[in-house]
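Close look at the chain arrangement
Here is how the chains run, residue by residue.
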Amino acid sequence: MSSPLPKLLVLGAAAFIYVTAETLPVGLLPEISGDLGVSESAVGLLLTFYAYGVAAMTMPLIRVVREWPRRRVVVITVAALALSQLMSAVSVGYPMLVISRMLCAATHGIFWAVVAPVAASLALPGKQGKAIATVYAGTSLALVAGNPLTAAMGQWFGWRTAATILGVVATAIAVALYFVLPALPVARASSEQKKTPRVLDGTLAILCGVTFLAVLGHFVAYTYFSLIVDRAIGSAGTTLTLMLMLYGLFGVVGIWVIGRSYDRWPRHSTIAALGAVAAAVAILWCTLTGAPGGLAVFAIGAIALWGLAFTTIPVCIQSAVVRAASADADKASAIYVVAFQLAIATGALVGGVFVDISGIVTVTAAATILVVAALLVVVLARNTFPRTVSPETVTVAAR
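The sections below set out a description of the structure shown in this document. (Residues numbered from 1 in each chain as written. Predicted model: local features only at pLDDT ≥ 70, side-chain atom pairs only at ≥ 80, totals over all residues. Heavy atoms only, no water.)

The next point concerns the overall build of the chain. For the chain, the helix and strand inventory stands at 16 helices and zero strands. Here the analysis covers contacts within the chain between residues at least 6 apart in sequence; of these, 85% occur between residues at least 24 apart. A total accessible area of about 16000 Å² is found for the chain, and carbon and sulfur atoms account for 71% of it. (Helix = DSSP H or I, 4+ residues; strand = E, 2+ residues; numbered from the N terminus. Contact = heavy atoms within 4.5 Å. Areas by Shrake-Rupley, 256 points an atom, 1.4 Å probe, with all protein chains shown as cover.)

Here it is in structure tokens:
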């Protein structure tokens, strides 16, 4: 069997461009706002619309593509991302920009639903977790390089130029995926295979519950990362950029570590990741209760630990979903994606309510409680993270 690494790297590039495009408005709020003549808060809502759009459209659309060859699904979703970015670049008003983002949102959930099963199907035996981690490295690199680069390009040459470049790069990646990936056909499942055993239904529910709690807790705080940095370290501006880079760099380290540990210790790796995130936001909570900048060293360490740990959580839970899924791993992954996106959108809204009512300290307290709750669920659900693929699972590779 030839090495799957080139195929996984191209999938990782697709993950990189998806995350970079999804978060493009974050670094270019003033530029988009000024160009389209809308408020910055309206531009910020593009992320909320996007997340809820993904949650609403993923399940209906995954049924449409469930019998398509997986190469076709991946190529079409990345091509749709490219078209979305090019449409954004020529938007003549805010409504057209929202529509172009919704095109990307429609395919976002499908891409993330199939990319982990595809990566697992390409992996060498016993290396599914490492394969998924290789693909998810693209998401961490998007935080380190993709977002800062698009922000810089948007500020120097205009946000439309940044969107155009993303569209061109996404087109190139779609072409590369077509030539690098095998067809990956999907055989029709029998009526017996389509029946999901109750134990797997329960496992999926637990995994989605853990996902929702952990991601909700993370985004309650991460959405207001700039406020946390300003209060804990005593400065924003360049300091904020450095802290975002620190978070992303340690995220890359986290992906490297989880790629080497998860296949051997899936449950313990997940417990360690959630425990580290809980510790990080708890430390930030404590530093925020003191004088601004008084415990800056602890805050910087907590941000590094936060980036190191949280970037591994999608790998841990998505891998568990693929391993524990029944005959339709793609559908199970789609449900996981919906839970993830709902948590992102809800986290931003809940965090905003806490900021308005009682300030950033309460935000970190709430984040700590939510992540600890997710950790407790994993500790109690001892059979949720198997080391090997369930016998009932029919993966893309086996079809």
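So much for the structure itself; the text now carries on.
Next up on the list: the packing of helix H12 (residues 266-288) against helix H16 (residues 360-380). At a minimum axis distance of 8 Å, the contact between H12 and H16 shows a crossing angle of 160°. As the angle between them shows, H12 and H16 are arranged roughly antiparallel. For the pair H12 and H16, the crossing hand works out as left-handed. Of H16, the residues touching H12 (which contributes Arg267, Thr270, Ile271, Leu274, Gly275, Val277, Ala278, Val281, Ala282, Leu284, Trp285 and Leu288) are Ile360, Val361, Thr364, Ala365, Ala367, Thr368, Val371, Val372, Ala374, Leu375, Val378 and Val379. (Axes fitted to C-alpha atoms, helices over the stretch in contact; angles between N-to-C directions. Parallel < 35°, antiparallel > 145°, perpendicular 65-115°, else oblique. Left-handed = near helix turned anticlockwise from the far one by under 90°.)

Moving on, we get to a positive patch on the surface. Taken together, the side chains of Lys127, Lys130, Arg260 and Arg264 present a region of like positive charge at the surface. The topology assignment puts Lys130 in helix H7 (residues 128-157). (Patch = residues over 30% accessible without salt bridge, like charges linked within 9 Å, V, L, I, M, F, W, Y side chains within 5 Å. Salt bridge = Lys/Arg side-chain N within 4 Å of Asp/Glu carboxyl O. Lys, Arg positive; Asp, Glu negative; His and termini not counted. Charge placed at Lys NZ, Arg CZ, Asp CG, Glu CD.)

Turning next to the nonpolar core. Leu11, Trp112, Leu177, Phe225, Leu274, Ile303 and Trp306 are the most contacted members of the largest nonpolar core, which totals 133 residues. Here the element with the most residues in this core is helix H6 (residues 94-122); it accounts for 16 residues. The residues contacting Trp306, other than those within four sequence positions of it, are His218, Ala221, Tyr222, Phe225, Ile228, Tyr247, Val277, Ala280, Val281 and Leu284. (Core = buried A, V, L, I, M, F, W, Y, C linked by side-chain atoms within 4.5 Å. Buried < 20%, exposed > 50% of the residue type's maximum accessible area, 1.4 Å probe, protein only.)

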